[in-house]
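Summary of structural features
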Amino acid sequence: MQALLVLDVVNAIFELPVPLHDPDGFVERVRGLLDRARDKRVPVVHFRHLGPEGSRFAPGGRGRELDARVAAVAGEVVIDKREPDMFVGTALAEVLAERAVDEVVICGFCSEGCIDSTVRSAWAKGFRVVLASGAHTTTENAVLSAEQIVKHHDLVLARFARVVPAAEVVFGS
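In this numbering scheme, every chain counts its residues from 1 along its sequence in written order. Reporting of local features is limited, given that this is a predicted model, to residues whose pLDDT is at least 70; pairs of side-chain atoms are given and counted only at 80 or more, and all residues count toward the totals for whole chains, interfaces and linings. Only hydrogens and water are set aside; all other atoms, that is, all heavy atoms of the structure, feed into the side-chain values.

1. Re the overall build of the protein
Applied cut-off: Only runs of H or I of at least four residues qualify as helices and only runs of E of at least two qualify as strands under DSSP, and these elements are numbered from the N terminus. Both definitions apply: the radius of gyration is a C-alpha atom measure, and the globule rule equals 2.2 Å times residues to the power 0.38.
Scanning the protein for helices and strands turns up four helices and six strands. Along its sequence from the N terminus, the protein presents helices and strands in the succession β-α-β-β-α-β-α-β-α-β. Expected size for 173 residues packed as a compact globule is a radius of gyration near 16 Å; at 15 Å, the protein falls within 12% of this value. The C-alpha extent of the protein, read off along each of the three principal axes, is 40 × 35 × 30 Å.

2. Section: the sheet that holds strand β6 (residues 162-165)
Stated formally: Two strands are counted as paired when DSSP detects at least two bridges linking them. Here, axes are lines fitted to C-alpha atoms. For helices the fit covers the stretch in contact, and angles between N-to-C directions go from 0 to 180 degrees. In this description, contact between two residues means that some pair of their heavy atoms is separated by no more than 4.5 Å.
The six strands are arranged β3-β2-β1-β4-β5-β6 in an open sheet whose pairing can be described as parallel. Strands at the two margins of the open sheet, each flanked by one partner only, are β3 (77-81) and β6. Here the strands of the sheet are splayed against their neighbours by 25 degrees on average, with no regard to which way each runs. Where strand β2 (residues 44-49) meets β3, five bridges bridge the pair, whose relative direction is parallel. Bridge pairing links Phe47 to Ile79 in β3. Where helix α1 (residues 23-39) meets the sheet, its contacts fall on β1 (2-7), β2, β4 (103-109) and β5 (128-137), and the angle it forms with β5 comes to roughly 140 degrees. Across the sheet, helix α4 (residues 146-156) touches β5 and β6, and the angle it forms with β5 is around 165 degrees.

3. Re the environment of Val129
Positionally, Val129 belongs in strand β5. With 127 residues separating them in the primary sequence, Val129 and Gln2 have C-alpha atoms 9.5 Å apart. Those residues in contact with Val129 that sit more than four places away from it in its chain are Val104, Ile106, Val119, Ala122, Trp123, Phe160, Ala161 and Arg162.

4. Brief notes about α1
Threshold: Here the expected span of a helix is defined as 1.5 Å times the quantity of residues minus one. Partly exposed describes any residue whose relative accessible area lies between the buried limit of under 20% and the exposed limit of over 50%, with all areas from a 1.4 Å probe on protein chains only and scaled to the type maximum.
The first and last C-alpha atoms of α1 sit 24 Å apart over 17 residues, in line with the 24 Å expected at 1.5 Å per residue. Along α1, the residues that are buried comprise Gly25, Phe26, Val27, Val30, Leu33, Leu34 and Ala37. Those residues of α1 that are buried lie in contact with β1, β2, β4 and β5. Arg41 occupies a position one or two residues after α1 and carries a positive phi of about 60 degrees.

5. Some thoughts on unusual backbone geometry
Following Phe109, the chain continues to Cys110 via a peptide bond in cis, the omega torsion being -5 degrees. The residue Cys110 is located in the loop between β4 and α3 (111-124) in this model. Residues other than glycine seldom take positive phi values, yet Asp8 does so here, at roughly 55 degrees. With respect to the helices and strands, the residue Asp8 is situated in the loop between β1 and α1.

6. Here we look at the pattern of salt bridges
Let me state the cut-off plainly: In the sections that follow, a salt bridge refers to a side-chain nitrogen of Lys or Arg positioned within 4 Å of a carboxyl oxygen of Asp or Glu.
Scanning the model with the defined rule gives 15 salt bridges in all. Across the pair Arg62 and Glu15 runs a salt bridge, and its minimum N-O distance is 2.0 Å. Of the two residues, Arg62 is situated in the loop between β2 and β3 and Glu15 in the loop between β1 and α1; the sequence distance between them amounts to 47 residues. Asp67 is the salt-bridge partner of Arg69, the closest N and O atoms lying 2.8 Å from each other. Arg69 sits in the partly exposed class, given a relative accessible area of 36%. Taking the relative accessible area as the measure of exposure, Asp67 reaches 7% and is therefore buried.

7. Topic: the pairing of β6
What counts here: If you view a crossover with the strands going away from you and the path from the first strand over the helix to the second runs clockwise, you call it right-handed.
Here β5 runs beside β6; their pairing, made up of four bridges, is parallel. Across the sheet, residue Ser133 finds its bridge partner in β6, namely Pro165. The parallel pair β5 and β6, bridged by α4, forms a crossover whose chirality is right-handed.

And the structure:
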């Protein structure tokens, strides 16, 4: 059984001082994954980063709410988390076990943080992992452009996941 994990696609990431790589394309590809997963009745788990008071991700703030274009629908799990690895300090392992999930498809924000950590962690826990290329994003840093970071992680994470263009991810197979 598969599950789609949607990491931190919250309002705050679209309001960062440094813009996301390809934000419109990113959202469209995440929405395509959600549409196909929902059509096949594949479990979907959304994550929201819980940051400190005063931050964009503060409890109760608009910034940490799921972006309306890809928000959860009835029956989908929403998990609040504090760490970059979605398995740390959350009920994710239990949620996946309850649904007999053995393969996770991962998309969201940010490529070098939460995406990287969760791909490696899922692989280490014995899950088959699919990284939806084009459906994870980040911002630039002092060394690399956001596009370079995204491409780098598609390459590096291929050791731990099948890296598949988001449009080619098949659910229910």
